[in-house]
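Structure at a glance
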Amino acid sequence: MKLNEIRTFIAVADAQSVQEAGNRLGLTQSAVSRLIQRLEAELGVVLFDRQTKPLALTRDGELALAHARRILAAASDFADAFAGSAEPRGLLRLGMAHVLTALATGRPLDELRAGFPGLTLRLHSDWSNPLIEQVRAGTLDGAVILLCEGQMPPDDLPVRRIGTEPVNIIASPDDASSDLAAMNRRGWVLQPNGCRYREALHQALAPLGLQPNVTVEAYDQSLLVSLVTRGVGFGLAPMGLIAPIPDAAAVRPLDLPNFQMSVTIWLIQSRTAGRIAPVFDRLEEALRRELAAGRPPECTATKHAMDEHRFLHSAAE
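Below, the structure is looked at part by part. What you see is a predicted model, and the numbers here were worked out from it, not measured in a lab.

1. A look at unusual backbone geometry
With an omega of 0°, the peptide bond between Lys53 and Pro54 qualifies as cis. Position of Pro54 among the secondary structure elements: in the loop between strand S1 (48-49) and strand S2 (56-57). Positive phi, normally seen in glycine, also occurs at Gln16, with a value near 55°. Among the structural elements, Gln16 can be located in the loop between helix H1 (3-15) and helix H2 (18-25).

2. Examining the sheet that holds strand S6 (residues 159-166)
With mixed pairing, the 5 strands of this open sheet are ordered in space as S4-S3-S5-S12-S6. The open sheet terminates on both sides in strands that have one partner only, identified here as strand S4 (119-126) and S6. Within the sheet, the average angular offset between the axes of one strand and its neighbour, ignoring direction, is 20°. Across 3 bridges, strand S3 (residues 90-97) lies against strand S5 (residues 142-148) in parallel orientation. Residue pairing in the sheet places Gly95 in a bridge with Ala143 of S5. Packed on one face of the sheet, helix H7 (residues 128-137) meets S3, S4, S5 and strand S12 (262-269) and runs near 145° to S5.

3. Things to note about empty space enclosed by the protein
What the rule picks out here adds up to 1 cavity of 30 Å³ or more. The volume enclosed by the largest cavity comes to roughly 90 Å³. Val189, Leu190, Gln221, Leu224 and Leu236 are the residues nearest the centre of the largest cavity, which is lined by 14 residues in total. Of all the elements in the fold, those that place two or more residues in the lining of the largest cavity are strand S8 (188-190), helix H10 (221-229) and strand S10 (235-237). Taken together, the residues that form the lining of the largest cavity break down as 11 nonpolar, 3 polar and no charged.

What counts, and at which threshold
- Residues numbered from 1 in each chain as written.
- Predicted model: local features only at pLDDT ≥ 70, side-chain atom pairs only at ≥ 80, totals over all residues.
- Heavy atoms only, no water.
- Helix = DSSP H or I, 4+ residues; strand = E, 2+ residues; numbered from the N terminus.
- Pairing = 2+ DSSP bridges.
- Axes fitted to C-alpha atoms, helices over the stretch in contact; angles between N-to-C directions.
- Contact = heavy atoms within 4.5 Å.
- 1 Å grid on protein atoms, 1.4 Å probe; cavity = no way out; pocket = protein on both sides within 12 Å on 5 of 7 lines; lining within 4 Å.
- Points joined across faces, edges and corners; volume = space filled by probe spheres on them.
- Nonpolar A, V, L, I, M, F, W, Y, C, P; charged D, E, K, R; others polar.

Here it is, written out as structure tokens:
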């Protein structure tokens, strides 16, 4: 029995899909299936009911999952016992919320590569909730996530609060619209369903009896900002998070009283950081600097004071 079989089993159980588990682990679907079959043969049990969709655990599978998580955690603890002060090396599996890729993959990523030349970075973009689950399951070492007002970070993982940003309606340089219904008639360029910005817009339009009129959907924030700049439609974005995008300097943020929203950026990491703990310290510092650099000068001092406090939640034992 090998740790990669156990890790793959946990990933399939969490994703409830062989294909999605493969995406998270960087393996082909057939490779994932082989690892699960090998583990089942070694244990002498069937772990998954393959007749269900999404994939469900059998009773034996549920029992095995609890043991598998403890084994993986113990293996991490064993490795951490010998971490010492050695320079971080090897593979760092880092997740990023879709809307944070522009912020995190510029200078912060360059700083990590320069500061830790022995690291190989594997980046994975997803919605924040799946990223949390992947860090919890051990398929990611850490993630930069985005949570809305009223959402709290996981209390069973170490977390660091990077900052809070208001979300603006953004428009082309020559557009100064101030009517939400008129904006909706022209249309919106947004991320697909699952985006919290989109959910907030839906709630703002509901009292007007309207549904969001989405003209273009895309995950790529750079593309969405470019489309807004060209007047294709209106968008939603925190100005501080899109600042690294070249076209962002041209968009106009609009302040509407019937649309108010803010988001908080969090850095979460696995319960046993080991040798890579200094990497997260460096990443936190780099993200804070990048976020401050993207704010208007008059906002920076105020925001810095808000973000001065650092939240760290110890892992539940």
